[in-house]
Amino acid sequence: MLREWQHDGASVPLHPGDLGWYWRFGAEATAKAVRIWRRDGRIRALGLLDGSGLARLGIAPGAAGDEDLARRLAADVSQPERGVLPQGTASVEARWRGVFHELLLDGGWELSKPWTPLVRDLAEPVADCGVRIETTGPEQASVRAAVQRAAFSRSTFTSERWHAMTTGPPYADARCLIAYDDHGVAVATATVWSAGAGRPGLLEPMGVHRDHRGHGYGRAITVASAAALRELGSSSATVCTATANVGGVATYRSAGFRPLPDVRDLRRNA
Ligand SMILES: CC(C)(COP(=O)(O)OP(=O)(O)OC[C@H]1O[C@@H](n2cnc3c(N)ncnc32)[C@H](O)[C@@H]1OP(=O)(O)O)[C@@H](O)C(=O)NCCC(=O)NCCS
């Protein structure tokens, strides 16, 4: 269902790949982290509670103007007893414009730091990235995890989590890539998530081992990710990173991604 909500031109809304990446914590944790809003029996909005007081919301096409839904969503995220967000400081990612935003802003929520969505159209073939890239299978899970931890200092990724992630339904349309340097050292990694043929795919996460930065591996793994998504049938490759992550934005641009207007989460301060 979340797959069918993906369409080109949007500012990288909640994607099946976001659920897929969360699945590293296991099926039970993922089920506990998901909230669903129905209207007339149909699912109209979905939330992923991404830990640490953040609710990432996705909405069905055409539902942005539904005022009743917007009011329900606003009440549910604002009132801790409704089991969406905890008391105190909390954030909401909602990448559509409309009544929901207005209701939260009227209720004292504020816009928080900007994020930059980026997109690369995949109509044309993607040129070779110039670096050896391999798709991760079970035997490379520990290498995949080690590069993740070397790229993101607070990462808790392990091969066990990789295995958990790959049991999730979203991973059926995903791939983990590892880039190797000329000496066979694993230097960069990325995971790409397709939402099905003709829909935007997601690149999440992407990182370069801290000891191997500044040699073009970020660009290379990002180009390879775009190529992998094209092979999976995606119409475009999308990604979103904090605007303050100057290196991340520069790397995506260098790999042929085009920045879209910045987006901001909504934040309630304690
Ligand atoms: C961001 C990151 C992927 C860059 O990797 P890298 O291998 O050093 O990047 P590259 O050498 O391929 O550089 C690609 C381009 O980005 C630019 N760039 C890279 N880091 C930069 C920085 N910190 N500031 C400004 N520009 C930067 C390079 O100059 C290059 O530009 P060019 O192609 O126009 O010359 C790496 O620092 C990293 O893994 N960071 C932590 C994880 C992360 O932020 N991931 C991305 C967002 S989820």
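Residues numbered from 1 in each chain as written. Predicted model: local features only at pLDDT ≥ 70, side-chain atom pairs only at ≥ 80, totals over all residues. Heavy atoms only, no water.

The chain appears in an unreviewed UniProt entry as Acetyltransferase (GNAT) family protein from Actinoalloteichus fjordicus.

Surrounding the ligand, one finds 21 residues, the nearest of these being V208, G214, R219, N245 and S254. Separating an oxygen atom of the ligand from a backbone N or O atom of G214 is a distance of 2.8 Å. Surface burial for the ligand is 64%, taken as the share of its 920 Å² of free accessible area covered by protein chains. The set of elements that each furnish at least two residues to the shell around the ligand consists of β9 (200-208), α7 (217-231) and α8 (246-254). Residues of the shell around the ligand, tallied by class, amount to eight nonpolar, 11 polar and two charged. (Near = heavy atom within 4 Å. Polar contact = N/O pair within 3.5 Å; in protein donor to acceptor, adjacent residues only side chain to side chain. Areas by Shrake-Rupley, 256 points an atom, 1.4 Å probe, with all protein chains shown as cover. Helix = DSSP H or I, 4+ residues; strand = E, 2+ residues; numbered from the N terminus. Nonpolar A, V, L, I, M, F, W, Y, C, P; charged D, E, K, R; others polar.)

What follows is about the pairing of strand β4 (residues 90-94). When you tally the buried positions in β4, you get five out of five residues, the bulk of the element. Across four bridges, strand β3 (residues 54-59) lies against β4 in parallel orientation. By the bridge assignment for β4, R56 is matched with E93. Relative to strand β12 (residues 263-268), β4 is paired through three bridges, and the arrangement is antiparallel. Its bridge partner being in β12, V92 is matched across the sheet by L266. (Buried < 20%, exposed > 50% of the residue type's maximum accessible area, 1.4 Å probe, protein only. Pairing = 2+ DSSP bridges.)

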